[in-house]
Amino acid sequence: MSTQVQYLGFVYIKSEEGKRVPGLSAVRKASKLLQKPKKAHKLHPLFARGFDTLLNMAVSAEGIVVTVPSEDEELIVMNHPMHKVSFVVAVKKTVYVVAKHDLRGKGVMFKCHGFFAKSNGVASMISKDIAAISNNVFKKLRQTRVFVRDRSERSAIHRKNTVRSIANESGDVDTVRMRGKVDADTKALRNLIAQTRISVMEGTAFDAIENISEEQSAQAQLMWDKGDEDDTFLEVVKQLQSGVSAINLSDEDFVSRYVKEDEQPITISEALDGDSTTDDAETVTDDEEEFSLEELQMIDFEDFSDDFARMTLMLHDDGSSSSGQRMPKYAEITLDSDLFNISYI
């Protein structure tokens, strides 16, 4: 989907106590700030820094990409992966998109972005498309995660890594630091890619491969990142896709073996934050937008690492992108400071 929108800017928001992600009540508060830029600027100099000009918005599995129209190279205002989108709602002509934002090791915040469309219908269409594409991405991520955990559990390499991990439980600082860089699912997926690559290249049975060297792992990662569609790459993708597609997410008994209780999509109650269609505590004035739950689009948000999501989407898309670009290596909202007039601050 591609359309033109006016960007109203963003504000930071937090989830309510006990909630994993911000929901409707947090977006209500954000919308009021985005409608009053001067007030928002006092809280943070970059809050509600929108654009008067129309921008191009493209939504696909690769992410939400917002650019400044140009005859030459387009300037990117936002390039955000879909697996970081946790909430979306259309309010009349305005679409509010909430996305998780990692503060480079300093914690997690959420940004609520506002986009003004040319009509209520277009805003509703944008909201529905973002929700549908996000949910499809999360379905692929869950399916791949179950496949990776199931396949790794039966793998000799996984068993060796598990023993090594237990043995190093009281290891040195460097060992602990390395554990924090790559989560277990991402590491397991990398191992599966490397194993499959070796199996294809050497004609060896997958289960017979018991060791993967750092060099072999690096080569597999390079192949995956480049996505060169040679015979080896295409065969590796084909074999992995075949295994992932066999995973039936409706098989609750099977899936429950590989999914923890805290790895579940957000519920409707989490999304609503205890909100309702009317706010008794505050009066909605004529110049404020009135929220309607009819335009609330549920997103089955769940936290996945950037690397796991990037590799998974490349797997499901044969390593190619319909939009001609790939998901950024790390989830990041790119805001070019040259596009903002903040010289007076």
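Throughout, a residue's number is its position along its own chain's written sequence, starting from 1. Only residues with pLDDT of at least 70 get local features here, since the model is predicted, and only at 80 or more are side-chain atom pairs given and counted; chain-wide, interface and lining totals rely on the full set of residues. Side-chain measures here rest on the full set of heavy atoms in the structure, leaving out hydrogens and waters.

1. Description of the pairing of strand β2 (residues 55–60)
In step 1: Any two strands with at least two DSSP bridges between them are considered paired. Secondary structure elements are defined from DSSP: runs of H or I of at least 4 residues count as helices, runs of E of at least 2 residues count as strands, and each element is numbered from the N terminus. Note: strand β1 (residues 2–13) against β2, four bridges, orientation antiparallel. Bridge pairing links Gln4 to Asn56 in β2.
In step 2: Pairing analysis gives five bridges linking β2 to strand β3 (residues 63–68), with the strands arranged antiparallel. Residue pairing for β3: Ser60 is matched across the bridge by Gly63.
In step 3: A loop of two residues connects β2 with β3, the two strands running antiparallel in sequence.

2. Focus on helix α6 (residues 184–202)
Given 3.6 residues per turn, any residue in an α-helix points the same way as the ones three and four places further on.
In step 1: The end-to-end C-alpha distance of α6 is 27 Å, a good match for the 27 Å that 19 residues give at a rise of 1.5 Å each.
In step 2: With a side-chain oxygen positioned 3.2 Å from the backbone nitrogen of Asp185, the residue opening α6 is Asp183.
In step 3: At the C-terminal side of α6, Gly203 shows a positive phi close to 65 degrees. The span one expects for a helix is its residue count, reduced by one, times 1.5 Å. Any pair of N or O atoms that falls within 3.5 Å is considered a polar contact. Within protein, one atom must be able to donate a hydrogen and the other to accept it, and sequence-neighbouring residues count only if both atoms are side-chain atoms.

3. A few points about the packing of aromatic side chains
In step 1: In summary, the pairing rule links any two rings of Phe, Tyr or Trp, Trp by its six-membered ring, whose centres are within 6.5 Å, and it sorts them by plane angle into stacked for under 30 degrees, edge-to-face for over 60 and tilted for everything else. If you walk through the whole model with that rule in mind, you get ten aromatic pairs.
In step 2: For the pair Tyr7 and Phe115, a centre-to-centre distance of 5.2 Å together with 35 degrees between the ring planes defines the contact as tilted. One end of the pair, Tyr7, is in strand β1; the other, Phe115, is in strand β7 (residues 108–116), and 108 residues separate them in sequence. The pair formed by Tyr7 and Phe115 is uniform in burial state, with each residue classed as buried. Note on classification: 1.4 Å probe, protein chains only; a residue is buried when its accessible area is under 20% of the maximum for its type, exposed when over 50%, partly exposed between these limits.

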